[in-house]
Amino acid sequence: MKIAVLSGKGGVGKTMVAVNLAAIAQQVAYVDCDVEEPNGRLFLKPEGVARESVCTLLPEFDASKCTGCRRCVEFCRFNALVYIKEKPLVFPEVCHACGGCQLACPEGAVCEKERPVGCVERGQHGSVRVITGILNAGEASGVPVIKAALRAGDAHGGLEIIDCPPGSACSVMESVASADYCLLVAEPTAFGFHNFQMVYELASLLGKPCGVVINKMDAPYDPLERFCETNGLPILLRIPYSRQLARLAANGEIIAEKDMEYAGQFNRLLEKIGGVRR
Amino acid sequence: MRIAIPVEENKTDICASFGRAPYFLFYDAETGKTEVRENPAARAQGGAGIKAAQFAVDERADVLITIRCGQNAADVLQAANIQIYKADGTNGAENLIACQENRLIQLTHFHTGFQGVQ
């Protein structure tokens, strides 16, 4: 079973929920797909880390074969190609590595070479397999690294907790595409609720069963409560806005490993989702 | 000398965006002729600056007058030896005169890409 943990906006508590679920589940792969700022590893502190590079493909042009027909430039919907001074030129950060220019070229003047865009780290936190996708700074798309991290998670087999990037764009879609369940972490504020609705829309478009964790809750936020009720979204856990939890998180500690009360709560959360192994 | 200017819907005021300007004005200093063409990059999903720069190159511009310009577009324009000048105000006609009287300064600061996010 694959459980994706996501939220519309950042800073809601995705990683906190994901690492706690992983720590409780134990025989599990924790996959950090928040590749622009992967911080699950700050809590899980994996040991025996091995690192593998992730590459994407970038077109190269053979000037001796190019006739200047520009079919490659016209084909590129991302506008990553230009034709200047009688030769094609590629903008690597804009290229999505779709391979279309190579197919479009009637002269066979385009070939693809590998370009590193990030890496995947594999390590161990007790019996938790910790897989971290890391995107190189300045890269436009994290999708190739997310795909590589998810492949590493699948290779582990069994239960997987996927810590998704914030927002509801391509990188989130990629992260949840193969998930069996979406756990939506919500913040009881107007801003948090707005983005929560967007991410719920994405998860329901993809036909994923969803449940909700409300984090940093000092009082119920009516629009969020009503929205969950109207859409039949179960609220599985409410975590209060507490100084003690904030302190544990700020120290890079896993709440469920420090506090028996929360260990029980996260265990019940895992049980309700159907990912429990004990 | 052929001068290119990204212009607004009214086809006379200079547009604040280079890549997503609805039109481009081309002025031929030798013949005094002005042409206004639709910018094929105006509604591009991404890479609008790159595509608009390709358009300016294909239209044989020697000079571009613009309020601002991204780094990717500047790379294309510079590769094609197009001079980039910073617009003084938003009046297209006044800038054409200022350019021909060498009163405009070269644009040297280019912003990073918006990657489709404006």
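Residues numbered from 1 in each chain as written. Chains lettered and ligands numbered in written order. Predicted model: local features only at pLDDT ≥ 70, side-chain atom pairs only at ≥ 80, totals over all residues. Heavy atoms only, no water.

> Is there a simple way to think about the layout of surface pockets in this case?
A water-sized probe, rolled over the atoms, reveals where empty space remains. All names here are of chain A. Reported here for the largest pocket is a volume of approximately 1,200 Å³. Taken together, 43 residues make up the lining of the largest pocket; nearest its centre are His96, Ser141, Gly142, Val143 and Pro144. Contributing elements (two or more residues each) for the lining of the largest pocket: β3 (47-61), β6 (110-125), α5 (143-156) and α6 (170-176). Considered class by class, the residues forming the lining of the largest pocket number 21 nonpolar, twelve polar and ten charged. Taken together, domain 1 (2-54 + 118-273) and domain 2 (63-108) each give at least three residues to the lining of the largest pocket, which thus spans both. The computed volume of the second largest pocket comes to approximately 500 Å³. In this structure, the second largest pocket is lined by 23 residues; those nearest its centre are Gly11, Val12, Gly13, Met16 and Lys216. Broken down by secondary-structure element, the contributors of at least two residues to the lining of the second largest pocket are α1 (14-25), β10 (210-217), β11 (235-240) and α9 (243-250). The leading source of residues in the lining of the second largest pocket is α9, at four residues. Its residues assigned to classes, the lining of the second largest pocket shows twelve nonpolar, seven polar and four charged. (1 Å grid on protein atoms, 1.4 Å probe; cavity = no way out; pocket = protein on both sides within 12 Å on 5 of 7 lines; lining within 4 Å. Points joined across faces, edges and corners; volume = space filled by probe spheres on them. Helix = DSSP H or I, 4+ residues; strand = E, 2+ residues; numbered from the N terminus. Nonpolar A, V, L, I, M, F, W, Y, C, P; charged D, E, K, R; others polar. Domains from an automatic or database assignment.)

> I'm lost on a negative patch on the surface in this one. Help?
Side chains of B:Glu8, B:Glu9, B:Asp13 and B:Glu38 sit close together on the surface and give a patch of like negative charge. Along the chain, the position of B:Asp13 falls in the loop between β1 (2-7) and β2 (23-28). (Patch = residues over 30% accessible without salt bridge, like charges linked within 9 Å, V, L, I, M, F, W, Y side chains within 5 Å. Areas by Shrake-Rupley, 256 points an atom, 1.4 Å probe, with all protein chains shown as cover. Salt bridge = Lys/Arg side-chain N within 4 Å of Asp/Glu carboxyl O. Lys, Arg positive; Asp, Glu negative; His and termini not counted. Charge placed at Lys NZ, Arg CZ, Asp CG, Glu CD.)

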